[in-house]
Amino acid sequence: QADALYAYLIDQLAPIYDLQQVALDSETVTGFNAHGSEHVSNVARKALSLARAYDPLGARETLAQEVVIGGLMHDLGNLIGRKLHGLYGVYLMALMFEQTEVDAATLDSFTTALEVTLFHEVEFGAEQGVFKRLDPATLSVIIADKTDVSFRRVSAKSNVSEAMRD
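Predicted, not measured: the structure shown is a model, and the values here were computed from it.

(A) View of the overall build of the protein. Each helix and strand counted, the protein has eight helices and zero strands in total. The order of helices and strands in the protein, counted from the N terminus, is α-α-α-α-α-α-α-α. In the protein, which comprises 166 residues, the proportion classed as buried is 45%. Relative to all contacts within the protein whose residues are 6 or more apart in sequence, the contacts with residues 24 or more apart total 65%.

Right under this line is the structure:
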């Protein structure tokens, strides 16, 4: 179930989300907007709501799980670097989930979760010209990610003179 998967991943990945923010804040003197547990949790929940609205009868059984995995892992690549973090995220997910070739359905779902992670950065997806062919799970996460905007996401490091000029 998507809700149980969500709870499990949030619990297991909490330290990674904290490290993600440390890595981002170290890139500039003014820090970077929050990409920790709260952000990925908000994205996963919003994307799950969008996916359920898209498929209200649950005809596609794996859609909710793919959205949860992609939503909670879409910014994982920030551990390596901000630029191309979607690509780095795919690499890290492939390392984390080595047993994905159990059956064709599992592999298809994993491929969708990788797509979510890779193309959640609109600029990268636009360069590839793939938006017409993206999975509903990917589109749900893109919308949820780009609409998670709030003053609460401003980095604590931004309260410095350099940030005020930025």
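Don't stop here, the text continues.
(B) Geometry of the pattern of salt bridges. The final tally for this structure, using the stated rule, is six salt bridges. Across the pair D3 and R52 runs a salt bridge, and its minimum N-O distance is 3.6 Å. Residue D3 is located in helix α1 (residues 2-25), and its partner R52 is located in helix α2 (residues 37-54); the two are separated by 49 residues in the primary sequence. A salt bridge links R60 to E66, with the shortest nitrogen-to-oxygen separation between them at 2.3 Å. Overall, the relative accessible area of 3% leaves E66 in the buried class.

(C) Representation of the nonpolar core within the structure. Counting residues in hydrophobic clusters, the biggest one holds 32 residues, and the most contacted among them are L48, V67, V68, L72, M93 and V141. Of all the secondary structure elements, the ones that give two or more residues to this core are α1, α2, α3 (63-73), α4 (85-96), α5 (104-119) and α7 (136-146). Once residues within four sequence positions are removed from consideration, V67 is found in contact with A44, A47, L48, A51, A137 and V141.

(D) Unusual backbone geometry, seen in detail. Although it is not a glycine, L84 adopts a positive phi angle of roughly 60 degrees. Take L84: it is sitting in the loop between α3 and α4.

(E) Broad picture of α1. In the structure, α1 departs most strongly from a straight axis at L13, where the bend amounts to approximately 55 degrees and where the proline P15 lies between one and four residues downstream. Residues of α1 that are buried: A2, Y6, L9, L13, Y17, Q20, Q21, A23, L24 and D25. Of the surrounding elements, those touching the buried residues of α1 are α2, α3 and α4.

(F) Focus on the environment of Q1. By secondary structure assignment, the location of Q1 is in the segment before α1. It is 8.2 Å that separates the C-alpha atoms of Q1 and A64, two residues lying 63 residues apart in sequence.

(G) Broad picture of a nonpolar patch on the surface. Together, L19, L79, I80, L84, L87, Y88, Y91 and L95 line one region of the surface with nonpolar side chains, adding up to about 730 Å² of accessible area. When residues in the nonpolar patch are grouped by element, the largest group, four residues, is from α4. By relative accessible area, L87 is classed as partly exposed at 42%.

What counts as what
Residues numbered from 1 in each chain as written. Predicted model: local features only at pLDDT ≥ 70, side-chain atom pairs only at ≥ 80, totals over all residues. Heavy atoms only, no water. Helix = DSSP H or I, 4+ residues; strand = E, 2+ residues; numbered from the N terminus. Buried < 20%, exposed > 50% of the residue type's maximum accessible area, 1.4 Å probe, protein only. Contact = heavy atoms within 4.5 Å. Salt bridge = Lys/Arg side-chain N within 4 Å of Asp/Glu carboxyl O. Core = buried A, V, L, I, M, F, W, Y, C linked by side-chain atoms within 4.5 Å. Bend = angle between axes of the 7 residues up to and from the residue. Patch = residues over 30% accessible without salt bridge, like charges linked within 9 Å, V, L, I, M, F, W, Y side chains within 5 Å. Areas by Shrake-Rupley, 256 points an atom, 1.4 Å probe, with all protein chains shown as cover.

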